[in-house]
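Structure assessment
Listed here are the chains, written in short residue letters.
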Amino acid sequence: MELLDLATRIESRNIVPDMRGKLAALLFFEPSTRTHFSFDTAVKRLGGNSLTMTGTGNTSAQKGETLSDTLKTISQYADLIVMRHVVEGAARFASEILDIPVVNAGDGTNQHPSQAMLDLYSIQKTQGKLENLTVGMVGDLRLGRTVHSLAQALSDFNPKFYFASPGHLQMPRYIKDELRQKGIIFEEIQDIKPVMPELDIMYVTRIQKERFAVLEDYLKLKDSYIITKKFLKNVKSNFKMMHPLPRVNEITKEVDDTPYAYYFQQAKNGVFMRQAIITKLLKLNW
Amino acid sequence: MKKDKLKVDPIKNGTVIDHITAGKALQVAEILNISSSETEVMVGINLFSQKMGKKDIIKIENREITQEEANSIALISPTASLIFINDYEVVKKYTVEIPQEIKRHIICPNTNCITNVEGVKTKFTLAGKSPIEVKCSYCEKKYSIEEVKFRF
Ligand SMILES: [Zn+2]
């Protein structure tokens, strides 16, 4: 876990990697303000420069230029490409055709590896370890790729999982198959409340109203997946709540002031992790 | 190989593909691009097989199927075996094997996959043997072999 170690050392200022004179192209074909800001902050904290492209409106992509041509052109200017694209496999393709490193900042519903790494980093920071943790995942587990990546990443560390989601938003079969193959214990439950005292980490994701065909179904379920202070009565002292943000109402504001809320620090950890990723890929001196 | 099996329609030189999953012979023929070739080809469908109940068989004159071609057959008919004939004699036999990595031949069913959007050559890895499952190296989605289409 070289990246976790790097991030730790960067955060504690044990090392100060030097990106001066280097340029990162942040290509957000699919816009995402938060992820973009996080990477841009990481670049600038390292002393590097960035250029940004957001959406496809202001590029030649609209004039019918292929993605491959766009990427090859930009790779003539930059030392590193960070890209987010709606098309799945786009970043992998980019890394195959370019001579400079490519960071996948999300490709469609497929991967968001830097998010998974910052989540691991946050868990390690709060728990002092990654092994043998009990982790609850709550909300839309079917389409939320952050929970998929995290479940996969943690599966190397003998976790116990509770998956709490409405019936049609369950963890996808392929993830569950992978976990079974690795002998990971998990339980699918409707209600997270009863298992709260067991949890080391709870990872909450947003349930979107649009995912329900019938509004009444949403209203009926909504409350079982909204985390309030009441949920936190009997939790462990090391217990932390995480959320990839943005949040809507799935964690009430009153929770923010408890020692269990960790989502804003989690966002901050994202910058350290992205600094670590860039440091590694560009082999920066420190 | 029993002699009498070959006696039916023996070929002088070429390849016999035996034990093809019943009903898959035409697809195998398509994979091998046989229809556009000049050679003589015999295709048997739903023949009696002691081992399989029913099987298909293809005999191709004057062509030696390569290992790579043979292994792409394995995707749709993992039971197939190849027999190479030279001057009516069996010179070599082997059973096809599903390759760990399959390039080009599988079309990714995911319309939002870069291979479909940008016309990138596909690359799949074998993700499971029974039932056969393949995984796209780009979008990382897994599919059963029945779900995918082929391009040869
Ligand atoms: Zn694909």
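In this text, all values refer to a predicted model and were calculated from it rather than measured experimentally. (Residues numbered from 1 in each chain as written. Chains lettered and ligands numbered in written order. Predicted model: local features only at pLDDT ≥ 70, side-chain atom pairs only at ≥ 80, totals over all residues. Heavy atoms only, no water.)

Some points on the environment of Thr109(A)
Topologically, Thr109(A) is positioned in the loop between β4 (102-107) and α5 (113-127). On the accessibility criterion, Thr109(A) (43% relative accessible area) is partly exposed. In the structure, Thr109(A) is positioned 34 residues away from Leu143(A) in sequence and 7.3 Å away in space, judged by C-alpha atoms. Beyond its immediate chain neighbours, meaning those up to four positions away, Thr109(A) contacts Glu88(A), Arg145(A) and Lys141(B). (Helix = DSSP H or I, 4+ residues; strand = E, 2+ residues; numbered from the N terminus. Buried < 20%, exposed > 50% of the residue type's maximum accessible area, 1.4 Å probe, protein only. Contact = heavy atoms within 4.5 Å.)

Points about the packing of aromatic side chains
Using the criterion set out here, one finds 5 aromatic pairs over all chains in the structure. Both rings, one in Phe161(A) and one in Phe163(A), keep their centres 5.4 Å apart while their planes meet at 25°; by these two values the pair is stacked. When the centroid spacing of 5.8 Å and the interplanar angle of 45° are considered together, the rings of Phe84(B) and Tyr94(B) count as tilted. You can see Phe84(B) sitting in strand β4 (residues 81-86) and its partner Tyr94(B) sitting in strand β5 (residues 89-95), a full 10 residues away along the chain. Given the relative accessible area of 2%, Phe84(B) is considered buried. One aromatic cluster is present, formed by Phe161(A), Phe163(A) and Phe186(A) through successive ring pairs. Positioned over the ring face of Phe231(A) is Lys193(A), at 4.9 Å from the centre of the ring. Lying across the ring of Phe39(A), Arg274(A) places its NZ or CZ 4.8 Å from the centre. (Phe/Tyr/Trp six-rings, centres within 6.5 Å; stacked < 30°, edge-to-face > 60°. Lys NZ or Arg CZ within 6 Å of the ring centre and 35° of its normal.)

Structural notes on the sheet that holds strand β9 (residues 132-136) of chain B
Pairing between the strands of a sheet is mediated by backbone hydrogen bonds and can be parallel or antiparallel. Residues and elements named next belong to chain B. Pairing in this open sheet of 4 strands is antiparallel, and the strands run β6-β8-β9-β10 from one edge to the other. A single partner strand is all that each edge strand has here, and the edge strands are β6 (101-103) and β10 (142-144). Sheet twist, expressed as the average angle between the axes of neighbouring strands with direction ignored, equals 35°. For β6 and strand β8 (residues 123-129), the ladder comprises 3 bridges, and the chain directions are antiparallel. The residue bridging Glu101 from the neighbouring strand is Thr125, located in β8. (Pairing = 2+ DSSP bridges. Axes fitted to C-alpha atoms, helices over the stretch in contact; angles between N-to-C directions.)

Remarks on the nonpolar core
Residues Ile81(A), Met83(A) and Ile17(B) are the most contacted members of the largest nonpolar core, which totals 57 residues. In terms of residues, this core owes the most to one element, helix α3 (residues 67-76) of chain B, which gives 5 residues. Among residues more than four places away in sequence, those in contact with Ile17(B) are Val28(B), Leu32(B), Asp56(B), Ile57(B), Ile58(B), Ile60(B), Ile73(B), Ala80(B), Ser81(B) and Leu82(B). Formed by 53 residues, the second largest nonpolar core is a distinct cluster that contains Val43(A), Ala105(A), Phe161(A) and Ile278(A). (Core = buried A, V, L, I, M, F, W, Y, C linked by side-chain atoms within 4.5 Å.)

Quick look at the domain arrangement of chain A
Residues and elements named next belong to chain A. Along its sequence, chain A is carved into domain 1 (2-110 + 269-282) and domain 2 (113-267). Placing the centre of domain 1 and that of domain 2 at their C-alpha centroids yields a distance of 27 Å. Contacts between the two partners involve 21 residues from domain 1 and, on the opposite side, 18 residues from domain 2. The contact between domain 1 and domain 2 buries some 1,500 Å² in all, and 52% of this surface belongs to carbon and sulfur atoms. The largest per-residue losses of area from domain 1 upon contact with domain 2 belong to Leu4, Arg34 and Asn269, which jointly make up 41% of the total buried on that side. At the junction of domain 1 and domain 2, the tally comes to 1 salt bridge. The interface formed by domain 1 and domain 2 includes 13 residue pairs in polar contact (both at pLDDT 80 or more). At the level of secondary structure, the elements contributing two or more residues to the side of domain 1 that touches domain 2 comprise α1 (2-11), α2 (33-45), β4 and α9 (263-281). When residues in the side of domain 1 that touches domain 2 are grouped by element, the largest group, 7 residues, is from α9. Residue classes in the side of domain 1 that touches domain 2 are distributed as 8 nonpolar, 8 polar and 5 charged. (Domains from an automatic or database assignment. Buried area = accessible area lost by both parts, 1.4 Å probe. Salt bridge = Lys/Arg side-chain N within 4 Å of Asp/Glu carboxyl O. Polar contact = N/O pair within 3.5 Å; in protein donor to acceptor, adjacent residues only side chain to side chain. Nonpolar A, V, L, I, M, F, W, Y, C, P; charged D, E, K, R; others polar.)

Brief notes about the pattern of salt bridges
As enumerated under the stated definition, the model contains 19 salt bridges over all chains in all. The partner of Asp40(A) in a salt bridge is Lys44(A), and the shortest N-O contact between them spans 3.1 Å. Placement of both Asp40(A) and Lys44(A) in helix α2 is noted, with a separation of 4 residues, approximately one turn of the helix. Judged by relative accessible area, which is 13%, Asp40(A) ranks as buried. One salt bridge in this structure joins Asp256(A) and Arg247(A), with 2.7 Å as the shortest N-O distance. Here the salt bridges do not stand alone but share partners, grouping Arg92(A), Glu96(A) and Lys123(B) into one network.

Remarks on the domain arrangement of chain B
Residues and elements named next belong to chain B. In terms of domains, chain B is made up of domain 1 (14-95) and domain 2 (101-150). Here the C-alpha centre of domain 2 lies 24 Å away from the C-alpha centre of domain 1. Residue-level contacts link 7 residues of domain 1 with 7 residues of domain 2. Taking both sides of the interface into account, the surface hidden between domain 1 and domain 2 amounts to around 520 Å²; carbon and sulfur atoms contribute 72%. Counting the contacts that link domain 1 with domain 2 gives 0 salt bridges. There are 0 residue pairs in polar contact (both at pLDDT 80 or more) connecting domain 1 and domain 2. With 5 residues, the top contributor of residues to the side of domain 1 that touches domain 2 is α3.

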